[in-house]
Amino acid sequence: ERAYNREHRIAETLQNSLKHPVPYRIDDFEFETVYKAALVEARVGGDFYDVFQIDDEKIWVVVGDVSGKGLAAAVQVATAKYSIRCRAQDCADPSLVLSQVNNSVVQDTNVEGFVTIFLGFLDREHKTLTYANGGHSPAVLWDAAEQTAILMEPTGPVLGVDRGLTYTQRTVQLHPLDELLLATDGLYEIRFDNHPLGICRLLAEYAGLKKAGVDSAAQL
């Protein structure tokens, strides 16, 4: 039990060190994060997020999930997170970054299981989002003008299964008051009446909250 508790503390410390503070605002873009475990034993898990800039044009956003819990998951999070940052410096295409990270995950003998990642960048001048999604939970775009929640499906498979996997990327135009909801599968698995929330109910609940004027991630 002492050994387990010690490993848990190490994993929690490592995971906390990986939670870079996310800026509240960059130009016309605002960011907010909520990190909450569904269960006490899941406090140290494989979920991670990141927001970073490499140049004056792009703001990179990342949400991912590695399989597993505890110290092994925390180590895998570090591997995936810094691999993305490193490769994004030399490549402006999220799809190619995911392909390169996938090959790295396959080659890394310390990584067990698989990784899912949503990776995209916000163009500060043109107000667009260019993204690729490797098997991660679908993102949701709130179209403020149309008052509609739009599901943004994955554009490729999970990472770490095999070398040479390819991903496609998409670009969407953003407008004032549009919102991007990124989450891990924990959000879709919230249970109501003994049933998981699921995609359809999530879209309906999210749209209802947005129409009611809820803007805070914490409130959502």
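Everything numeric in this text was worked out from a predicted model, so none of it was measured. (Residues numbered from 1 in each chain as written. Predicted model: local features only at pLDDT ≥ 70, side-chain atom pairs only at ≥ 80, totals over all residues. Heavy atoms only, no water.)

Where do I start with the pattern of salt bridges in this structure?
Any two side chains of opposite charge can pair, given that their charged atoms come close. One pass over the structure, following the stated rule, counts eight salt bridges. One salt bridge connects Lys127 with Asp28, and the closest N-O pair in it is separated by 3.5 Å. In this pair, Lys127 is assigned in the loop between β5 (115-123) and β6 (128-134) and Asp28 in the loop between β1 (25-26) and β2 (29-30), connecting sequence segments 99 residues apart. A salt bridge links Asp50 to Arg85; the shortest N-O distance between them is 2.7 Å. Residue Asp50 is located in strand β3 (residues 47-53), and its partner Arg85 is located in helix α2 (residues 70-88); the two are separated by 35 residues in the primary sequence. Assessed through its relative accessible area of 23%, Arg85 is described here as partly exposed. Beyond isolated ion pairs, a larger network of salt bridges with shared partners links Glu179, Lys210 and Asp215. (Salt bridge = Lys/Arg side-chain N within 4 Å of Asp/Glu carboxyl O. Helix = DSSP H or I, 4+ residues; strand = E, 2+ residues; numbered from the N terminus. Buried < 20%, exposed > 50% of the residue type's maximum accessible area, 1.4 Å probe, protein only.)

Sorry, what's going on with unusual backbone geometry here?
With glycine set apart, most residues show a phi of negative sign, and most peptide bonds adopt trans. With a phi close to 55°, Asp27 is a non-glycine residue in the positive phi region. Residue position: Asp27 is located in the loop between β1 and β2. Relative accessible area serves as the criterion here: at 39%, Asp27 is assigned to the partly exposed category. One non-glycine residue, Leu177, lies in positive phi territory at about 75°. By the element assignment, Leu177 lies in the loop between β9 (170-173) and β10 (179-181).

Which parts of the structure should I look at to understand the packing of aromatic side chains?
A ring pair, where both rings are aromatic, is described by two values, the distance of the centres and the angle of the planes. Tallying each qualifying case throughout the model produces five aromatic pairs. Arranged with centres 5.4 Å apart and planes meeting at 15°, the rings of Phe118 and Tyr131 form a pair that is stacked. Of this pair, Phe118 sits in strand β5 while Tyr131 sits in strand β6, placing them 13 residues apart in sequence. You'll find Phe118 and Tyr131 in the same group, each marked buried. Through successive ring pairs, a cluster of aromatic residues spans Phe52, Trp60 and Phe121. Lys58 extends its terminal NZ or CZ atom over the ring of Phe121, reaching a point 5.3 Å from the ring centre. (Phe/Tyr/Trp six-rings, centres within 6.5 Å; stacked < 30°, edge-to-face > 60°. Lys NZ or Arg CZ within 6 Å of the ring centre and 35° of its normal.)

I tried to follow the sheet that holds β9 on my own but got confused; where do I start?
The strands making up a sheet associate through hydrogen bonds between their backbones, and the pairing can be parallel or antiparallel. Spatial strand order, β3-β4-β5-β6-β9: five strands in an open sheet with antiparallel pairing. The two strands at the open ends of the sheet, each matched to only one other strand, are β3 and β9. The average angle at which neighbouring strand axes cross in this sheet is 15°, direction not considered. The pairing of β3 with strand β4 (residues 58-66) spans seven bridges and is classified as antiparallel. When the bridges of β4 are listed, Asp47 appears paired with Asp65. On the sheet, helix α3 (residues 94-107) packs against β4, β5 and β6 and is oriented at approximately 150° with respect to β5. (Pairing = 2+ DSSP bridges. Axes fitted to C-alpha atoms, helices over the stretch in contact; angles between N-to-C directions. Contact = heavy atoms within 4.5 Å.)

How should I be thinking about α3 in this particular structure?
Side chains of residues three or four places apart in an α-helix project in the same direction, reflecting 3.6 residues per turn. For α3, with 14 residues, the first-to-last C-alpha span of 20 Å sits near the 20 Å given by 1.5 Å per residue. Counting buried positions along α3 yields ten of 14 residues, so the element is predominantly enclosed. If you check which residues of α3 are buried, you get Pro94, Ser95, Val97, Leu98, Ser99, Val101, Asn102, Asn103, Ser104 and Val105. (Expected span 1.5 Å × (residues − 1).)

Explain the environment of His175 to me, please; I cannot follow it from the model alone.
Here His175 is to be found in the loop between β9 and β10. Classification of His175 by relative accessible area gives partly exposed; the value is 48%. A sequence separation of 32 residues divides His175 from Asp143, and the C-alpha atoms of the two residues are 8.0 Å apart.

Looking at this structure, I do not really get the confidence of the model for the protein chain. What am I missing?
Do not read the predicted coordinates in detail wherever pLDDT is low. Overall, the predicted model of the protein chain reaches an average pLDDT of 87, with 86% of residues at or above 70. Confidence scores differ between elements of the protein chain, with helix α1 (residues 2-17) showing the lowest mean pLDDT of 67 and β6 the highest of 98. (pLDDT = per-residue confidence, 0-100.)

How should the side chain of Arg124 be read in this particular structure?
If you trace the backbone, Arg124 turns up in the loop between β5 and β6. Take Arg124: its relative accessible area is 16%, and that puts it in the buried class. At 2.6 Å, the side chain of Arg124 forms a polar contact with the side chain of Asp27. (Polar contact = N/O pair within 3.5 Å; in protein donor to acceptor, adjacent residues only side chain to side chain.)

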